[in-house]
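Given next are the chains, with one letter for each unit.
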Amino acid sequence: MEEVRIRSEEEAWNALAYYMPKKDFGDIDFLFDGWPKLELTIKGKDFNGTIPTRIMPPMLELQREIHKTYCILRYGNDNLRRLTSEDRERLEIVVKIGEGSSIFTAEFWKELNETIRLSMVDMESKHKMIMVIALALSVAAPVSWKFWLSNQEKLKELETSVRLEQIENERIKMLSDARESYADVAKVSKGVDEFRNHTLHQLRSDDQFSIYTDKKEELSITGEHASQITHKPREKSIEIRLDGDFLIEEVKSGGIRGFKIKVKRISDAKILSVTIPDGALEKSQIDTLKNNEWAKKPVVMQINAKELRGRITSAVLVSADEIPKK
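The following paragraphs examine the structure supplied in this document. Given the structure is predicted, the values throughout are model-derived calculations rather than measurements.

Each helix and strand counted, the protein has 10 helices and 13 strands in total. With respect to the three principal axes, the spread of C-alpha positions in the protein is 70 × 50 × 40 Å. Taking all 326 residues of the protein together, the buried fraction comes to 45%.

Take unusual backbone geometry next. Geometrically, the link from Trp 35 to Pro 36 is a cis peptide bond, its omega value of 15° lying close to zero. The backbone of Ala 269 shows a phi angle near 65°, a positive value even though the residue is not glycine. The residue Ala 269 is located in the loop between strand E10 (260–265) and strand E11 (271–275) in this model. In this structure, Lys 296 is a non-glycine residue whose phi angle is positive, near 55°. Residue position: Lys 296 is located in the loop between helix H10 (283–295) and strand E12 (299–308).

Moving on to the packing of aromatic side chains. By the definition in use, this model includes 7 aromatic pairs. Each ring, one from Tyr 18 and one from Tyr 19, has its centre 4.7 Å from the other, and the planes form 90°; the classification is edge-to-face. Take Tyr 18: its relative accessible area is 47%, and that puts it in the partly exposed class. Taken together through their ring pairs, the aromatic side chains of Phe 30, Phe 32 and Trp 35 make up a single cluster. Between Arg 196 and the ring centre of Trp 145, over which it is positioned, the NZ or CZ distance is 5.1 Å.

This part takes up helix H6 (residues 142–155). Between the first and last C-alpha of H6 there are 20 Å, a value that for 14 residues agrees with the 20 Å anticipated at 1.5 Å per step. Of all the residues in H6, the buried ones are Pro 142, Val 143, Ser 144, Trp 145, Lys 146, Trp 148, Leu 149, Ser 150, Gln 152 and Glu 153. Downstream of H6 by a residue or two, Glu 157 has a phi angle that is positive, lying close to 55°.

On to the environment of Asn 113, then. Looking at the secondary structure, you find Asn 113 in helix H4 (residues 109–117). Owing to a relative accessible area of 12%, Asn 113 belongs among the buried residues under this scheme. C-alpha separation for the pair Asn 113 and Leu 91, spaced 22 residues apart in sequence, amounts to 9.5 Å. Those residues in contact with Asn 113 that lie beyond four places of it in its chain are Leu 31 and Phe 32. Here the side chain of Asn 113 touches Phe 32 through a polar contact of 2.8 Å, landing on its backbone nitrogen.

Moving on, we get to the packing of helix H7 (residues 166–181) against helix H8 (residues 183–201). Where H7 contacts H8, the two axes come as close as 5 Å, and the packing angle between them is 120°. Classified by the angle between their axes, H7 and H8 sit oblique to one another. The segment H7 lies against H8, with Ala 178, Arg 179 and Ser 181 engaging Ala 183, Val 185, Ala 186 and Ser 189. Across the contact of H7 with H8, the residue classes break down as 4 nonpolar, 2 polar and 1 charged.

Take Arg 64: it is sitting in helix H2 (residues 56–75). Linking Arg 64 and Gly 191, residues 127 residues apart in sequence, is a C-alpha distance of 8.4 Å.

This next bit is on the pattern of salt bridges. A complete count under the given rule lists 20 salt bridges for this structure. The partner of Asp 46 in a salt bridge is Arg 54, with the nearest N and O atoms 2.7 Å apart. Under the relative-accessibility criterion, Arg 54 is labelled buried at 13%. Through salt bridges with shared partners, a single ionic network connects Asp 46, Arg 54, Arg 204 and Asp 207.

Moving on, we get to the nonpolar core. Formed by 65 residues in total, the largest nonpolar core has its most connected members in Ile 6, Leu 16, Phe 30, Phe 32, Ile 133, Leu 137 and Phe 209. In terms of residue count, the dominant contributor to this core is helix H5 (residues 125–140) (11 residues). With residues near it in sequence (within four places) discarded, Ile 6 still touches Glu 11, Ala 12, Ala 15, Phe 30, Leu 31, Phe 32, Asp 33, Trp 35 and Ile 133. Of all hydrophobic cores here, the second largest spans 18 residues; its members include Phe 246, Leu 272, Ile 286 and Ala 315.

Thresholds applied
Residues numbered from 1 in each chain as written. Predicted model: local features only at pLDDT ≥ 70, side-chain atom pairs only at ≥ 80, totals over all residues. Heavy atoms only, no water. Helix = DSSP H or I, 4+ residues; strand = E, 2+ residues; numbered from the N terminus. Buried < 20%, exposed > 50% of the residue type's maximum accessible area, 1.4 Å probe, protein only. Phe/Tyr/Trp six-rings, centres within 6.5 Å; stacked < 30°, edge-to-face > 60°. Lys NZ or Arg CZ within 6 Å of the ring centre and 35° of its normal. Expected span 1.5 Å × (residues − 1). Contact = heavy atoms within 4.5 Å. Polar contact = N/O pair within 3.5 Å; in protein donor to acceptor, adjacent residues only side chain to side chain. Axes fitted to C-alpha atoms, helices over the stretch in contact; angles between N-to-C directions. Parallel < 35°, antiparallel > 145°, perpendicular 65-115°, else oblique. Nonpolar A, V, L, I, M, F, W, Y, C, P; charged D, E, K, R; others polar. Salt bridge = Lys/Arg side-chain N within 4 Å of Asp/Glu carboxyl O. Core = buried A, V, L, I, M, F, W, Y, C linked by side-chain atoms within 4.5 Å.

As structure tokens, then:
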């Protein structure tokens, strides 16, 4: 089995250049080692020993893209409801803050290795490798940020503040080819662009945003300029868990499997419309739902839900069991 270790951005570009033209290849022992790492520096009056909460939501978007890649490779789609609590724990990014709380460092190579290790989808090795490398380069490579900034300036008909060298243009072409060849790569790359937009949109006019590699400044932009090229991020629902003991009040369609049920949580009388995807539950769990609905007995349910502005927009049943006897 061929072994590939990526320890730096340069090695990631070399791997992408080497493997992209190949039609396919066999199994590869492919891992990151100490890279990717994203280092952002933000300076301003709110960053002197403090961290304004406006900066944290974009970091959650970066976490979301890691989750999305994991779900695609493990479950075959980017449905984040498939994530278990164990998945979320092993994929959690830790952002380190240093030097007056102005330097944000996010190392996520271990999380990408977990994504690779637990991949179960019947997807060719080339697709998996390129998808993960493309995500790493889209987030951590300064040229990806430069290219995005340049495009935003062109869209706003502003003077371009960055110039890409020939080798940088060649590398951006590789990433563009990967996006065009693989829909999953394009989907994740779009999410990374939203993370970029959200991060810069949160700057105040007197803030200064920079990206460094090995203590060398690669890109710098003022908050005033960022306000000219970014847009207000689309408000997104957040994913939450609604677990507890529920009574089934109504089966909205002609059965249990693949349908919706109306339930009431015992603890607070909260009413939910819950979807039960076809094949999501074991037969024993389906029987529990049927029997307890008829007998008007509570069921212990685990529910993945989405919440927007305090309102539950969707809910999906993950598991259903009898209440344990005391």
